[in-house]
Amino acid sequence: LAITTKYTLMKHNMILLILLIAGAALLPSCVAKKKYLAAQDRISGLQADSLRHLQQIQELDGRVSKMQEENRFTSSQLDKSQEALATQRERLEQLQRLIEQQQQNTEALRKKIADALVNFSASQLTVSMKNGKVYVSMQESLLFPSGSAEVNSKGKEALASLSGVLNQNPDINVEVEGHTDSVPISIKFQDNWALSVARSTAIARIMIKEYHVNPARITATGRGEFDP
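The notes below deal with the structure included here.

**Examining the nonpolar core**
Here is step 1 of the chain: Ranked by internal contacts, the top residues of the largest apolar core, which has 26 residues, are M138, L159, I203 and M207.
Here is step 2 of the chain: Mapped onto this core, the elements with two or more residues apiece are α1 (2–116), β1 (125–130), α2 (140–143), α3 (153–168), β3 (174–179) and α4 (192–209).
Here is step 3 of the chain: Setting aside its immediate chain neighbours within four residues, I203 contacts L143, F144, V151, L159 and V176.

**A word on the side chain of N192**
Here is step 1 of the chain: Here N192 is to be found in helix α4.
Here is step 2 of the chain: Those residues within four positions of N192 in sequence are excluded, and the remaining contacts are T180, D181, S182, V183, P184, I185, G224 and E225.

**Some words on unusual backbone geometry**
Here is step 1 of the chain: With a phi angle near 55°, N131 is a residue other than glycine that sits in the positive phi range.
Here is step 2 of the chain: One can find N131 in the loop between β1 and β2 (133–138).
Here is step 3 of the chain: The residue H212 is not glycine, and still its phi comes out positive at about 65°.
Here is step 4 of the chain: In this structure H212 comes out as exposed when scored by relative accessible area, which is 62%.

**Brief notes about the packing of α3 against α4**
Here is step 1 of the chain: Look at α3 against α4: their axes get within 10 Å of each other, and the N-to-C directions meet at 60°. When the axis of α3 is compared with that of α4, the two are oblique. Two packed elements cross with a definite hand, and for α3 against α4 that hand is right-handed. Across the interface between the two elements, K156, L159, S163 and L166 of α3 pack against I203, I206 and M207 of α4.

So, how was this worked out
- Residues numbered from 1 in each chain as written.
- Predicted model: local features only at pLDDT ≥ 70, side-chain atom pairs only at ≥ 80, totals over all residues.
- Heavy atoms only, no water.
- Core = buried A, V, L, I, M, F, W, Y, C linked by side-chain atoms within 4.5 Å.
- Buried < 20%, exposed > 50% of the residue type's maximum accessible area, 1.4 Å probe, protein only.
- Helix = DSSP H or I, 4+ residues; strand = E, 2+ residues; numbered from the N terminus.
- Contact = heavy atoms within 4.5 Å.
- Axes fitted to C-alpha atoms, helices over the stretch in contact; angles between N-to-C directions.
- Parallel < 35°, antiparallel > 145°, perpendicular 65-115°, else oblique.
- Left-handed = near helix turned anticlockwise from the far one by under 90°.

Here it is, written out as structure tokens:
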């Protein structure tokens with residue numbers, strides 16, 4: 001009985017030993033597998049991170065490309081705007097030069113007319129420049145008897161001097177305006193308006209027929225008492 005028991009114990013010890021040996025043999029294998037799986041997980045994580053980073057890089061590349069395109073478009077528009085501004089500035093400068101030249105020409109004409117009419121007093125006529133035009137304002141006392149449209153000799157003398165300057169400057173157009181006061185008239189003319197028209201056309205006829213100003217350059221109008 002004692003032997004049997006001992007044998008049995010030895011057998012258990014052998015089994016235990018075998019199990020221990022088997023467990024010892026299996027332990028390194030399990031550890032390696034865990035490391036492998038952990039490595040696989042890590043590799044998978046790194047691959048996922050790499051893919052995510054790649055997508056982010058591609059997205060950023062797309063944004064950069066879009067921004068570069070927008071920048072090129074903006075630069076193109078800016079260049080066009082600068083060209084347009086330069087063109088506009090050049091046109092404005094040309095216009096300014098034309099305006100200055102026109103002012104100089106108008107002032108030169110005013111001076112010629114003033115010099116030609118220098119023998120007449122300021123109470124008889126005035127020569128001025130306004131809005132790019134030269135105005136020669138002749139008083140009724142210089143040109144007409146009261147209520148009449150017949151030009152007197154002193155008036156014709158002034159018209160002769162004025163027509164001489166106009167004939168030397170054939171590109172100048174002339175507007176002859178008749179003006180009156182508001183005192184009613186009843187002799188020969190229906191009203192002051194009719195008188196102002198008769199006076200302006202009388203001036204135009206003399207300038208055309210006697211002093212040879214081109215009729216295509218002259219316009220005659222009457223303002224009557226409405227622009228005294």
